[in-house]
Amino acid sequence: MLASDKEIYSLIGGSGKFYELVEVFYGKVENDQVLRPLFPEDLEEGKELQALFLIQRFGGPREYEQKRGHPMLRRRHFPFKINKEARDQWVKLMKESLDEIGISAKHPARPYLDAYFESTGTKMINSH
């Protein structure tokens, strides 16, 4: 068992693995009928910010905070109409992306990542 979420950064292999996760995830978003309308036309800035956020969240360098300040996830996502369908699809694609980059259900970090994505996805719901 991990002592804290902060150990995940090292356990999965550092920043590169988070960038890989985000790249795979955004590749899925590009062709997703539920999620694509919620994202801006140009996905590059979002990729960078999501990778930096996840790196910081799970114990890596705090570059996200240096660039954007406090994450304020709910506030930053409020302009987008996120319903349960969008939340469920976001979680599904994130879990598929974890599988694709080799963080399978058997990986020791996986239960923590799944719980985080499920919980965070639920907190972002702001529409029915």
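Look up a bit, the structure's there.
First things first, this report covers the structure right here in the doc. All values reported here derive from a predicted model rather than from experimental measurement.

1. Considering the packing of aromatic side chains
Piece 1. Overall, the coordinates contain 9 aromatic pairs when judged by the stated rule.
Piece 2. With centroids separated by 6.1 Å and ring planes inclined at 5°, the aromatic side chains of F18 and F58 adopt a geometry described as stacked. Residue F18 is found in helix α2 (residues 15-30), and its partner F58 is found in the loop between α3 (44-57) and α4 (63-68); the two are separated by 40 residues along the sequence. Judged on exposure class, the residue F18 and its partner F58 are both buried.
Piece 3. Considering the side-chain rings of F58 and Y116, the 5.2 Å spacing of their centres and the 85° angle between planes classify their relative orientation as edge-to-face. Remark: Y116 occurs in helix α7 (residues 110-124) and F58 occurs in the loop between α3 and α4; sequence separation between them is 58 residues.

2. Remarks on the nonpolar core
Piece 1. Within the largest apolar cluster, 34 residues are counted, with the highest numbers of intra-cluster contacts made by F18, F25, L54, L113 and F117.
Piece 2. Only α1 (8-12), α2, α3, α6 (84-100) and α7 provide two or more residues apiece to this core.
Piece 3. Other than its neighbours up to four places away in sequence, F117 contacts L21, L54, W90, V91, M94 and L98.

How each quantity is defined
- Residues numbered from 1 in each chain as written.
- Predicted model: local features only at pLDDT ≥ 70, side-chain atom pairs only at ≥ 80, totals over all residues.
- Heavy atoms only, no water.
- Phe/Tyr/Trp six-rings, centres within 6.5 Å; stacked < 30°, edge-to-face > 60°.
- Helix = DSSP H or I, 4+ residues; strand = E, 2+ residues; numbered from the N terminus.
- Buried < 20%, exposed > 50% of the residue type's maximum accessible area, 1.4 Å probe, protein only.
- Core = buried A, V, L, I, M, F, W, Y, C linked by side-chain atoms within 4.5 Å.
- Contact = heavy atoms within 4.5 Å.

Geometric values such as these leave the question of function open.
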